[in-house]
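Given next are the chains, with one letter for each unit.
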Amino acid sequence: VLPAVLRAEGCLLYSDSLSQLVDGGMPVGGADETEIRASTIVACEVIRVALGEHRRGAGPASELAPGHGRKEGNPGPSVSASELDLLLWGVLGKSGKHRHAPRHITRGIWWH
C-alpha cells in the first residue's frame, strides 16, 4: 500500500518499464521489487524528517534527505515511523483516491 500511496502523491517515480508492469497488474520481482521497497523506506524517512521539521517550525528542509535542513540545536524528527505509517497507510491508503491506485504485485511474501 505504501508504495502505491507514495507513487500517487508523486513521491516515487517509476521507470516506464516498471510503470507498465505495475499498472498492468503484472508480478514484479527481483531488483525491481527490491528497488520499490528500498525507495519506499527512503521516501518515508525523508517525509518523516520534513514533517518533524515542519512541526517544530524549523522551516522546510534545505535538502530532502535525512539529516539535512536542520537548524543548530535541533534534536531531530519528532514524527515517529508509526505516526507516518498511520497517516500513509491507515488514512491515505484507505481514501478513495488511493484505494484503487495501482499496486505492485509479488509472487510471494518473501523478496530478495
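Treat the numbers as computed from the prediction; the structure is a model and nothing was measured. (Residues numbered from 1 in each chain as written. Predicted model: local features only at pLDDT ≥ 70, side-chain atom pairs only at ≥ 80, totals over all residues. Heavy atoms only, no water.)

K.L.:
I'd like a rundown of the overall build of the protein, residues and numbers included.
P.N.:
Looking only at helices and strands, the protein features five helices and zero strands. Listing each helix as α and each strand as β along the protein from the N terminus yields α-α-α-α-α. Here the protein holds 112 residues, and 29% of them are scored as buried. (Helix = DSSP H or I, 4+ residues; strand = E, 2+ residues; numbered from the N terminus. Buried < 20%, exposed > 50% of the residue type's maximum accessible area, 1.4 Å probe, protein only.)

K.L.:
Explain the environment of Cys-44 to me, and be specific about the residues and the numbers.
P.N.:
Tracing the backbone shows Cys-44 in helix H3 (residues 30-55). It is 9.1 Å that separates the C-alpha atoms of Cys-44 and Cys-11, two residues lying 33 residues apart in sequence. Beyond its immediate sequence surroundings of up to four residues, Cys-44 is in contact with Leu-2, Leu-6, Leu-84 and Leu-88. (Contact = heavy atoms within 4.5 Å.)

K.L.:
Break down the side chain of Ser-19 for me, with residues and values.
P.N.:
Among the structural elements, Ser-19 can be located in helix H2 (residues 16-23). The class of Ser-19 is buried, set by a relative accessible area of 15%. With sequence-adjacent residues up to four places away left out, Ser-19 is seen in contact with Arg-7, Tyr-14 and Gly-24.

K.L.:
Which residues make up the pattern of salt bridges, and what values do they have?
P.N.:
What the rule picks out here adds up to three salt bridges. A salt bridge links Asp-23 to Arg-7, with the shortest nitrogen-to-oxygen separation between them at 2.8 Å. Taken as a pair, Asp-23 in helix H2 and Arg-7 in helix H1 (residues 2-8) lie far apart in primary sequence, 16 residues in all. Overall, Asp-23 belongs to the partly exposed group, its relative accessible area being 45%. Measuring nitrogen to oxygen at the nearest pair gives 2.2 Å for the salt bridge that ties Glu-33 to Arg-37. Within this pair, Glu-33 and its partner Arg-37 are both found in helix H3, separated by four residues, close to a single helical turn. For Arg-37, a relative accessible area of 27% corresponds to the partly exposed category. (Salt bridge = Lys/Arg side-chain N within 4 Å of Asp/Glu carboxyl O.)

K.L.:
How would you sum up the nonpolar core? Please name residues and give values.
P.N.:
Within the largest apolar cluster, 13 residues are counted, with the highest numbers of intra-cluster contacts made by Leu-6, Tyr-14, Leu-18, Cys-44 and Leu-88. Counting only elements with at least two residues in this core, the list comes to H1, H2, H3 and helix H4 (81-91). (Core = buried A, V, L, I, M, F, W, Y, C linked by side-chain atoms within 4.5 Å.)

K.L.:
Which residues make up H2, and what values go with them?
P.N.:
Within H2, burial applies to Leu-18, Ser-19 and Val-22. When H2 is viewed along its axis, its buried side chains cluster within an angular range of 100° and face the same direction. H2 presents Asp-16, Ser-17 and Gln-20 as exposed residues on the side facing more than 90 degrees away from its buried surface. One or two positions beyond H2, positive phi appears at Gly-25, with a value near 75°. (Arc of directions from axis to C-beta.)

K.L.:
Please give an account of a nonpolar patch on the surface that cites residues and values.
P.N.:
Taken together, the side chains of Leu-51, Leu-86, Leu-87 and Val-91 define a hydrophobic patch exposed on the protein surface, amounting to about 330 Å² of accessible area. Considering every element that reaches the nonpolar patch, the biggest residue donor is H4, with three residues. Looking at the secondary structure, you find Leu-51 in helix H3. Residue classification places Leu-51 among the partly exposed residues on the basis of a relative accessible area of 32%. (Patch = residues over 30% accessible without salt bridge, like charges linked within 9 Å, V, L, I, M, F, W, Y side chains within 5 Å. Areas by Shrake-Rupley, 256 points an atom, 1.4 Å probe, with all protein chains shown as cover.)

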